[in-house]
Amino acid sequence: MDRVNVITTNGAASNYIKKIIEEDLREGRVAEVVTRFPPEPNGYLHIGHAKSICLNFDLANEFGGRTHLRFDDTNPLKEDEEYARAIEEDVRWLGYAWDRLCYASDYYEEMFERAKLLIRKGLAYVCELSGEEIRATRGTLTEPGTPSPFRNRSAEENLDQFERMRCGEFADGAKVLRAKIDMASPNINLRDPILYRIAHAPHYRAKNAWCIYPMYDYAHPLEDAIEGVTHSICTLEFEDHRPLYDWVIRACEMPTVPHQYEFARLNMTNTVMSKRNLKALVEQGVVDGWDDPRMPTIAGLRRKGYTPGAIRTFAREVGVAKSNSMVDERMLEYFVREDLKLVAPRTMAVLRPLRVVILNYPEGQLEWLEAENNSENPELGVRQIPFGREIWIEQDDFMENPPPKYFRLTPGQEVRLKHAYFIRCEKVIYDAAGKVSEVHCTYDPETKSGSGFTGRKVKGTIHWVCAREARAATFQLFEPIYLTESENGGDDGERLLNPNSLTQWIGYIEAQMVKENAASTYQFFRHGYFHEDSMLSTWSHPVFNRVVSLKSSYEVL
RNA sequence: UGGGGAGUCGCCAAGUGGUAAGGCAACGGACUUUGACUCCGUCAUUCGUAGGUUCGAUCCCUACCUCCCCAGCCA
């Protein structure tokens, strides 16, 4: 569904990467900007990835360049076709079209050849130390590592060993290919990093063609260079991998030289942003799946009812910098309200119904009232809504003993029914438990909406649904998955699940709404924006997810 | 106590020698058939701290403090 992006940003904000690109173009260092979004297909994309997607695609777009969607699939143990396809869908849904769809696994052969070049140049060797031994000899943050006893094997022997690794002669973990850089480097990434490891595991894409797989630090720069990527943008934690990135490009004699730039990943209040954590929620059945509306995944946000435009605007407005940050989720909410404001029809829904009988309205009578679909956007037209003797109003909209400044229906206070009449409470009916079960009112025919009645004013206007014509529906309201915010919004540490992350109410919507309107996202008066759930909603019983509430200086629900 | 980064309003974030943009949030007020929207107004004499250079420093120098990342055959 296409949505109008009503947010206009006056001149896309600048950021330090954009400035570098501008200078690279001006100085002729690059002829064209080529970026890439390089997810590993080992989980679903989340809002943090959306920031990266927008950054990469927007940057290339702005300078007439190109962007590749590239699956960084170098670990057969974690990757899956399902994830790759879901990622494609998410990127497309966000509104971006990649210039090329690439796979790191398509470059395995060239990577292997380049590795042999490294060996011939004396820049890589096959090491037979065990995992524990490698760790033990790597040194610590303050002490240098010690060289592997295999460090000075001849190129011939290394070549032979490496070929045999590929042929499957050795077991997992028996040997690795290592770069020969500097075991005493203060940058641990440079202490003879592992380039290839053995894994006798089928790859979701390369199947059984390989039993050795390149490591990220070796594969990623080559992928970028092979594709002609000019600006390789990644997150902060890769900052000290950059020297290795540059080393690989140079040592492997790649004809094109990409450069890596880092920015701070997105963190948001009240949510978790690590695939590990999200995956656990899915696998433990805490949520419905990767697309559960409570998930910060793109699929989850989509199912909840977020618009691509809102996410894109959010990603742009949040900015690009190098300091760790924690963005207030209310910023995201603001942008989706903005995006939906003029396009979502505004209708009435009662989430927690309370029956109101209008004593002086003729029994059996039904009249049709005209209601505009969006008072701020006349293009959405008008609809007719039924009004009768019995209606549903929100339980919260009636109080027998109201606090001060309560503008809704009370035994002494007249209110306006949106699009209809003023009503006045005459009598309160209780159930056996002493709870209010029904409110009896009278209405004033002269106050009909649109009649121009100015005889008296009411402070409050409440929404309602005609009981005879109402249609039952379920409303899903969401809260954060976790109860408390961890110290810095990180994903570690035990956090308590919020038992109220999902609450459902069964209430009523305007019956005509479902038939007549193609829209699946509405603003329910005084409640917020709701989107029909793609998995749970049926023709006979619609289910709506609250995308976001309306801002309120008074707690409605 | 190695290396790499970062510290500007409650949250993001511009500015990088000429005297603190913008957005979110918040708070007033107007308007209101959504306690919404809209509108109008308020919201950093101050840029982690302390010195120094300068006519002038958030921007330069020095020292210090705080936070984040790195010792996966993960990415």
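Computed from a prediction, not measured in an experiment: that's the story for all the values here. (Residues numbered from 1 in each chain as written. Chains lettered and ligands numbered in written order. Predicted model: local features only at pLDDT ≥ 70, side-chain atom pairs only at ≥ 80, totals over all residues. Heavy atoms only, no water.)

Draft legend 1. Just the protein's contact with RNA strand B, in detail. In the vicinity of RNA strand B lie 64 residues, with K19, R346, F407, K418 and S449 positioned nearest. In RNA strand B, atoms within 4 Å of the protein come from the sugar-phosphate backbone in 64% of cases. Side-chain polar atom of E239 to a sugar or linking oxygen of RNA strand B: 3.2 Å apart, as the coordinates give it. Note that a sugar or linking oxygen of RNA strand B is positioned 2.4 Å from one of the side-chain N or O atoms of S553. Broken down by secondary-structure element, the contributors of at least two residues to the surface near RNA strand B are α5 (131-137), β6 (194-198) and α12 (329-341). Among the residues making up the surface near RNA strand B, the classes are represented as 24 nonpolar, 17 polar and 23 charged. (Near = heavy atom within 4 Å. Polar contact = N/O pair within 3.5 Å; in protein donor to acceptor, adjacent residues only side chain to side chain. Helix = DSSP H or I, 4+ residues; strand = E, 2+ residues; numbered from the N terminus. Nonpolar A, V, L, I, M, F, W, Y, C, P; charged D, E, K, R; others polar.)

Draft legend 2. Quick look at the side chain of E510. When you line up the elements, E510 lands in the loop between β22 (502-509) and α13 (511-516). Note on E510: relative accessible area 5%, which makes it buried. For E510, the side chain forms a polar contact with the main-chain nitrogen of M348, separated by 2.8 Å. (Buried < 20%, exposed > 50% of the residue type's maximum accessible area, 1.4 Å probe, protein only.)

Draft legend 3. Local environment of empty space enclosed by the protein. As enumerated under the stated definition, the model contains two cavities of 30 Å³ or more in all. Computed from the structure, the largest cavity encloses a volume of approximately 60 Å³. Lining the largest cavity are M348, I385, P386, W464, V465, C466, E469, A470, E510, A511 and Q512. When contributions to the lining of the largest cavity are tallied by element, the ones reaching two or more residues are β14 (382-388), β20 (464-466) and α13. Considering every element that reaches the lining of the largest cavity, the biggest residue donor is β20, with three residues. Tallied by class, the residues present in the lining of the largest cavity amount to eight nonpolar, one polar and two charged. When residues are assigned to domains, the lining of the largest cavity turns out to be shared by domain 3 (346-470) and domain 4 (472-549), each giving three or more. The space that makes up the second largest cavity amounts to roughly 40 Å³. (1 Å grid on protein atoms, 1.4 Å probe; cavity = no way out; pocket = protein on both sides within 12 Å on 5 of 7 lines; lining within 4 Å. Points joined across faces, edges and corners; volume = space filled by probe spheres on them. Domains from an automatic or database assignment.)

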